[in-house]
Amino acid sequence: MSNPLLDFSALPRFDDIRPEHVAPAIRQLIDENRALIAELVADPAPPTWANFVTPMTEEGERLGRAWGIVGHLHSVMDVPEWREAYNAMLPEVSSFYAEVGQNLELFEKYRLLHDSAEYDMLSPARQRIIDHELRDFRLSGAELPDADKPRFKEIQEEQSALAAKFSENLLDATNAHAEWIEDEAELAGLPDDAIAAARAAAERDGKPGWKFTLQMPAYLPVMQYADNRELRARMYRAYATRASEQGRPELDNGPLIGRILALRAEEAKMLGYRNFAEVSLVPKMAETPEEVLAFLRELATKAKPFAERDLAELQAFARTELDLDPLEPWDIGYASEKLRQARYAFSDQEVKQYFPEPKVLEGLFGVIRTLYGVDIVADTAPLWDPGAHFFRIDRDGATLGHFYLDLHARETKRGGAWMDSARSRYVGPRGTQTPVAYLVCNFPGPVGGKPPTFTHDDVLTLFHECGHGLHHLLTQVDDLAVSGIHGVEWDAVELPSQFMENFCWEWDVLCGMTSHVDTGAPLPRELFDKMIAAKNFQSGMQTVRQLEFSMFDLRLHSEVDASAGPVPIERVMELLDEVRREVAVMIPPPWHRFPHSFSHIFAGGYGAGYYSYKWAEVLSADAFSAFEEAGAGKGTLLDRETGERFWREILAVGGSRPALESFRAFRGREPRVDALLRHNGMVSA
Ligand SMILES: [Zn+2]
């Protein structure tokens, strides 16, 4: 066994694995998988769990694990050799998985197993794995009559091309416009770094003055800080009409939207659904478009009075303090920033002094220990960087799993924060495999002997990713495809992560993980109160805005008839107006073209799924409120009994049963929106 990527006996051998190991190992594993699949589909014996699913799982896991290591190293050690090794194999790996997804003989095997007598004897988790396989094959057109398959494929390909074009148009339109300022007086109010960036942008074009593009880092400071109302108005209009009929015709996304909607409707019809929203919801926790719409409407009804209050407050402030009357859409960001500073300002830098890394980690591990009765112990394993760490989770002397923790930003590390699986819990013919997770963040590292300190945002990020990690590590499911985070519905996956964030807004919990980096003093209560107030600033307005996008997306894919061909853009705008009349408090001007830049739903994977942001927030807030109820009067909400129940009903079961069932089992009832509203400060006085 000379190639360490092919050694599955223990943890990844990060000290031995080199870029040159990638191609031979991954090719060998793909070949082995192909050979196994060929052998299985040629086997005339009826498929059983033991003769079909088990070998598929084991062989697939080896490839998944090895490729996972390569992907991980590519993300945390993005040097040219690793990038090259990863990119060289990516097309082969992708095409192998695409080939498996289209293999109708495999589909037939799963179908036979589903219809066999054995199916009824299998555990619900195993039945669910087979159901998921069949569902995915069906959604990719496996069950269509042969005559319809070429058209289905055409629809998929045109949709991909349109999505790519939508993004390109938006990017080109964003880059097509710039505002030039020649008189320095017109820059009043802007922060120095924004001015310097605008000057540098002009310089790159070899011109005098300042150039403001529509890219976020240039656009946002103008809308928030520029005293120059004309400049704000011009940039607002340019930004709001990007990729529309008001700009260059070849960059107009309007016709693309109409065409995408028609293709999605056609796809839905071929698959036997009434509309695309129904297709989108098949692998999700929400069951029907009507259910999602009712959810959004309930939240809207409750949030709108607070949004109206936010707006009235802002208008009054703008009128009396800023002489802006009436308040125009291009004044909102500007006036809001002034109001925020006047009422709720605090310094992130000041807060940061109270969160030294060791204290935060101790606090985080303490929360986990108290809630679940587990110990987190430093352990050793081969690592990819001396700054990374490795931990073990034990309970009553037994090891439940391990995780890597790589907190600090490095030049060769991909940005952002994430949790990924290095290995998943699985009980197979060779015994029990415990789960292993990667937790990766990009926080600043130590400078000059002092421990690194975290902003409160960093602390939230760490808790968030750790929530995903616990979902993966505390699983008790034995079947790989639904253990840990595997097989969890798309709109339920953020429940355990957002749930953990809530603890960072609890005074008792948060205070315990603070210690001023110089004095050792805990976070002052007064500063914490300001942080809470700032968090809830304009939460009503922000909520109805998210609801406007969600409702527009859902109704567009369920109510607008696209069966007769491309939908005229007028119909799309009409629906948006209707949604705004129902939920919005600030109605944009008639020339505003929001849909033309709504990439999430037209170029990303969020079509009829934008609601899932709020959905997951509601679930996690409502789950957290069980701890608030249990802790009431006890002085702490780190309630062990409730923690055990959360573990048992949510974390332990992973994707082995529907998320709604898990939620009901934990909470004893259906999800309610009240906790989220309360956490966002939307409570009637
Ligand atoms: Zn997340």
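Residues numbered from 1 in each chain as written. Predicted model: local features only at pLDDT ≥ 70, side-chain atom pairs only at ≥ 80, totals over all residues. Heavy atoms only, no water.

A. Broad picture of the overall build of the protein chain. Within the protein chain, the secondary structure is distributed over 27 helices and 9 strands. In summary, the protein chain has a C-alpha radius of gyration of 27 Å against a globular reference of 26 Å for 685 residues, a match within 12%. Seen through its principal axes, the protein chain has C-alpha atoms that stretch 80 × 70 × 55 Å. Counting every position in the protein chain, which comprises 685 residues, the buried fraction comes to 54%. Restricting the contact set of the protein chain to residue pairs at least 6 apart, pairs at least 24 apart contribute 72%. Only carbon and sulfur atoms are counted for the fraction: they give 52% of the accessible area of the protein chain, which is about 29,900 Å². Here the protein chain carries 72 positive and 108 negative side-chain charges, and the mean point of each set is 2 Å from the other. (Helix = DSSP H or I, 4+ residues; strand = E, 2+ residues; numbered from the N terminus. Rg over C-alpha atoms; globule rule 2.2 N^0.38 Å. Buried < 20%, exposed > 50% of the residue type's maximum accessible area, 1.4 Å probe, protein only. Contact = heavy atoms within 4.5 Å. Areas by Shrake-Rupley, 256 points an atom, 1.4 Å probe, with all protein chains shown as cover. Lys, Arg positive; Asp, Glu negative; His and termini not counted. Charge placed at Lys NZ, Arg CZ, Asp CG, Glu CD.)

B. Structural context of the environment of Phe276. Turning to its location among the elements, Phe276 is positioned in helix H12 (residues 276–281). Each C-alpha atom, one on Phe276 and one on Leu556, is 9.3 Å from the other, the two residues being 280 residues apart in sequence. When neighbours within four sequence positions are excluded, Phe276 is seen to be in contact with Arg264, Glu267, Ala268, His557, Gly607 and Ala608.

C. Local environment of the sheet that holds strand E4 (residues 389–395). Strand order in the open sheet made by the 5 strands is E3-E4-E5-E9-E6, with mixed pairing throughout. Lying at the two open borders of the sheet, with one neighbouring strand each, are strand E3 (375–378) and strand E6 (418–423). Between one strand and the next, the sheet's axes are offset by a mean angle of 30 degrees, whatever the strand orientation. Pairing analysis gives 5 bridges linking E6 to strand E9 (residues 436–443), with the strands arranged antiparallel. When the bridges of E9 are listed, Arg423 appears paired with Val436. The strands touched by helix H16 (residues 357–372) within the sheet are E3, E4 and strand E5 (398–408), with E5 carrying the most contacts at an inclination of about 155 degrees. (Pairing = 2+ DSSP bridges. Axes fitted to C-alpha atoms, helices over the stretch in contact; angles between N-to-C directions.)

D. The arrangement of the coordination of the zinc ion in detail. Of the protein atoms, only His464 (NE2), His468 (NE2), Glu494 (OE) and Glu494 (OE) coordinate the zinc ion, at distances of 2.1 to 2.8 Å. Geometry at the zinc ion is irregular, judged from the 4 donor atoms that bind it and their angles of 50 to 140 degrees at the metal. Within one chain, the residues serving as donors to the zinc ion are arranged as H-x3-H-x25-E. Of the two residues, His468 sits in helix H17 (residues 456–473) while Glu494 sits in the loop between H17 and helix H18 (495–501), which places them 26 residues apart along the sequence. (Donors = N, O, S within 2.8 Å, 3.2 Å for Na, K, Ca; no water. Tetrahedral: all angles 85-135°; square planar, octahedral: opposite > 155°, others 65-115°.)

E. Structural view of the UniProt feature "domain: Peptidase M3A/M3B catalytic" (unreviewed entry) in the protein chain. Within the UniProt annotation, "domain: Peptidase M3A/M3B catalytic" (unreviewed entry) is assigned to residues 222–681. Across residues 222–681, the secondary structure splits into 50% helix and 9% strand, with the terminal C-alpha atoms separated by 29 Å. (UniProt positions renumbered as here; feature names shortened; annotations may be inferred.)

F. Molecular detail of the nonpolar core. By size, the foremost hydrophobic cluster in this structure holds 127 residues, and its most contacted members are Tyr372, Phe403, Leu462, Phe499, Phe503 and Phe646. Per element, the largest residue contribution to this core is 13 residues, and it comes from helix H13 (residues 289–322). Beyond its immediate sequence surroundings of up to four residues, Phe403 is in contact with Phe365, Ile376, His389, Phe390, Phe391, Ile393, Ala437, Leu439 and Leu473. Core analysis: the second largest hydrophobic core is formed by 56 residues, Trp49, Ala66, Leu113 and Phe390 among them. (Core = buried A, V, L, I, M, F, W, Y, C linked by side-chain atoms within 4.5 Å.)

G. Focus on the side chain of Thr514. As for its position among the elements, Thr514 is in the loop between helix H19 (507–511) and helix H20 (525–535). Judged by its relative accessible area of 4%, Thr514 is buried. Reaching out from Thr514, the side chain makes a polar contact with the backbone nitrogen of Leu523 at a distance of 3.0 Å. In this structure, Thr514 is in contact with Tyr354, Phe355, Lys359, Pro522 and Leu523, ignoring residues within four places of it in sequence. (Polar contact = N/O pair within 3.5 Å; in protein donor to acceptor, adjacent residues only side chain to side chain.)

H. Looking closely at the pattern of salt bridges. For the structure on display, the rule yields 58 salt bridges. As a salt-bridge pair, Glu559 and Arg555 come within 2.8 Å of each other at their nearest N and O atoms. Residue classification places Arg555 among the buried positions, given a relative accessible area of 7%. Here the salt bridges share partners, and the residues they tie into one network are Asp385, Asp406, Arg410 and Lys413. (Salt bridge = Lys/Arg side-chain N within 4 Å of Asp/Glu carboxyl O.)

I. Spotlight on the packing of aromatic side chains. A complete count under the given rule lists 44 aromatic pairs for this structure. Both rings, one in Trp67 and one in Tyr86, keep their centres 5.0 Å apart while their planes meet at 10 degrees; by these two values the pair is stacked. Of the two residues, Trp67 sits in helix H2 (residues 49–76) while Tyr86 sits in helix H3 (residues 80–101), which places them 19 residues apart along the sequence. Centre to centre, the rings of Tyr606 and Tyr613 are 5.2 Å apart; their planes meet at 0 degrees, and the pair counts as stacked. Aromatic rings pair up to connect Trp490, Phe549, Phe552, Phe594, Phe598, Tyr606, Tyr610 and Tyr613 into one cluster. Lying across the ring of Trp490, Lys284 places its NZ or CZ 4.5 Å from the centre. (Phe/Tyr/Trp six-rings, centres within 6.5 Å; stacked < 30°, edge-to-face > 60°. Lys NZ or Arg CZ within 6 Å of the ring centre and 35° of its normal.)

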